[in-house]
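Now for the letters of each chain:
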Amino acid sequence: MILLDGKKTANNIKDEIAIEVKKIKENGGRIPHLAALIVGADGASLTYVNSKVKACQRVGFNSTLVDLPIDLTEEQLLNEIELLNKDTEIDGYIVQLPLPKHIDEQKVLMAVDPLKDVDGFHPTNVGKMTLELPTFLPATPYGIIELLERYKIETSGKSVVVVGRSHIVGRPMSILLSQKRKAGNATVTLVHSRTTNLKEITLKADIIVVALGSAEFLTGDMVQEGVTIIDVGITRVKDDSRKNGYRLAGDVHFESVSKKAAYITPVPGGVGPMTIAMLLKNTLLACKMKGL
Ligand code: GUN
């Protein structure tokens with residue numbers, strides 16, 4: 001069993017980006033600038049956003065954190081978005097999800113300027129991605145594609161099962177893996193909460209991407225020998241033996257599944273760091289596109 005080291009791979013990507021930023025600086029160009037907007041920051045969301053800001057510092061980007069109160073109205077949030085759209089200093093930004101219940105997520109994502117939408121969540125960019133036109137790819141599926149590519153895991157003609165149909169991970173992942181591209185050309189099955197014979201399907205898979213947000217959902221009896229496992233989940237599970245009172249669990253029961261897997265991503269240190277690296281890559285692209 002080989003661990004797919006997302007942390008190391010993401011660090012390699014960050015080093016590549018840092019070299020590009022250095023060149024931009026030497027040539028007197030503009031430094032990429034990423035902003036992150038967060039509403040009513042809870043512990044987990046703030047941790048994610050802070051790691052995105054820290055990653056910017058590491059590669060030499062400028063970054064801005066817009067931390068807004070939980071009782072902010074939808075209109076006020078849309079005003080903040082408009083400010084970011086107009087701000088010529090900012091190349092790209094993300095609105096950290098989930099948003100509080102009183103705010104219409106779709107309306108907010110639609111308000112983001114597609115040219116600054118480094119998450120790739122705007123319908124214009126989802127459409128471009130689907131049609132294989134150049135655009136920002138959503139960072140998590142993009143990170144998984146990159147991880148498969150860098151570890152030279154064959155996807156062409158393989159049977160891939162994506163578990164979960166979220167707009168952020170499962171759906172775009174299923175689209176990208178089926179496309180004519182590197183780490184593509186797979187025969188993709190998307191399974192979800194209404195799938196009746198899930199185990200029958202996962203047992204036949206060469207590669208399984210699990211993106212459900214359900215701790216340790218995929219167990220050893222559901223996979224075949226030699227499978228490649230990509231675990232997107234990261235859930236805080238109560239654990240009184242830990243100082244902070246919780247541990248981080250993936251969507252995969254690591255102990256049983258890793259006994260059968262040829263390749264598997266750990267949690268933490270697998271998909272998570274890759275997501276951040278690809279967000280930086282998208283920001284660099286946004287900055288370069290602006291200069292054209
Ligand atoms: N919440 C969970 N994943 C993501 C992500 O990739 N981007 C944003 N903006 N919010 C998230």
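Described in the following lines is the structure provided in the data block. Values in this document were obtained by computation on a predicted structure and should not be read as measured data.

A short note on the overall build of the chain
Phase 1: Secondary structure assignment for the chain yields 10 helices and 11 strands.
Phase 2: Against the globule reference of 19 Å for 292 residues, the chain gives a C-alpha radius of gyration of 19 Å, in line with a compact fold.
Phase 3: Based on the C-alpha atoms only, the size of the chain along its principal axes is roughly 50 × 40 × 35 Å.
Phase 4: Burial analysis of the chain (292 residues in total) assigns 47% to the buried set.
Phase 5: Within the chain, contacts between residues at least 6 apart in sequence are counted, and of these 70% link residues at least 24 apart.
Phase 6: Looking at the chain as shown, the accessible area adds up to about 14100 Å², and 54% of this sits on carbon and sulfur atoms.

So, the pattern of salt bridges
Phase 1: Enumeration over the complete set of coordinates arrives at 14 salt bridges.
Phase 2: Asp91 is the salt-bridge partner of Arg30, the closest N and O atoms lying 2.9 Å from each other. Taken together, the residues span a long stretch of sequence, with Arg30 in the loop between helix 1 (6-26) and strand 2 (33-39) and Asp91 in the loop between helix 3 (74-86) and strand 4 (92-95) at a distance of 61 residues.
Phase 3: A relative accessible area of 35% means that Arg30 is categorised as partly exposed.
Phase 4: Among the salt bridges present, the one from Arg150 reaches Glu146, with a minimum N-O distance of 2.9 Å. Taken together, the positions of Arg150 and Glu146, both in helix 6 (residues 139-150) and four residues apart, correspond to about one turn of that helix.
Phase 5: Linked by salt bridges that have partners in common, Glu16, Glu146 and Arg150 make up one network.

Brief notes about the site of the ligand
Phase 1: Lining the immediate surroundings of the ligand are Lys52, Val95, Gln96, Leu97, Asp119 and Phe121.
Phase 2: Between Gln96 and the ligand, the recorded distance is 3.4 Å, taken from a side-chain N or O atom to a nitrogen atom.
Phase 3: Against a free-state accessible area of 280 Å², the protein chains account for coverage of 81% of the ligand.
Phase 4: For the shell around the ligand, the class distribution of residues is three nonpolar, one polar and two charged.

So, unusual backbone geometry
Phase 1: The step from Leu97 to Pro98 runs through a cis peptide bond, and the omega angle for that step is 0°.
Phase 2: Following the sequence through the fold, Pro98 ends up in the loop between strand 4 and helix 4 (105-111).
Phase 3: Backbone torsion omega between Val267 and Pro268 reads -5°, so that peptide bond is classified as cis.
Phase 4: Relative to the helices and strands, Pro268 resides in the loop between strand 11 (263-264) and helix 10 (271-290).

Rules used throughout
Residues numbered from 1 in each chain as written. Predicted model: local features only at pLDDT ≥ 70, side-chain atom pairs only at ≥ 80, totals over all residues. Heavy atoms only, no water. Helix = DSSP H or I, 4+ residues; strand = E, 2+ residues; numbered from the N terminus. Rg over C-alpha atoms; globule rule 2.2 N^0.38 Å. Buried < 20%, exposed > 50% of the residue type's maximum accessible area, 1.4 Å probe, protein only. Contact = heavy atoms within 4.5 Å. Areas by Shrake-Rupley, 256 points an atom, 1.4 Å probe, with all protein chains shown as cover. Salt bridge = Lys/Arg side-chain N within 4 Å of Asp/Glu carboxyl O. Near = heavy atom within 4 Å. Polar contact = N/O pair within 3.5 Å; in protein donor to acceptor, adjacent residues only side chain to side chain. Nonpolar A, V, L, I, M, F, W, Y, C, P; charged D, E, K, R; others polar.

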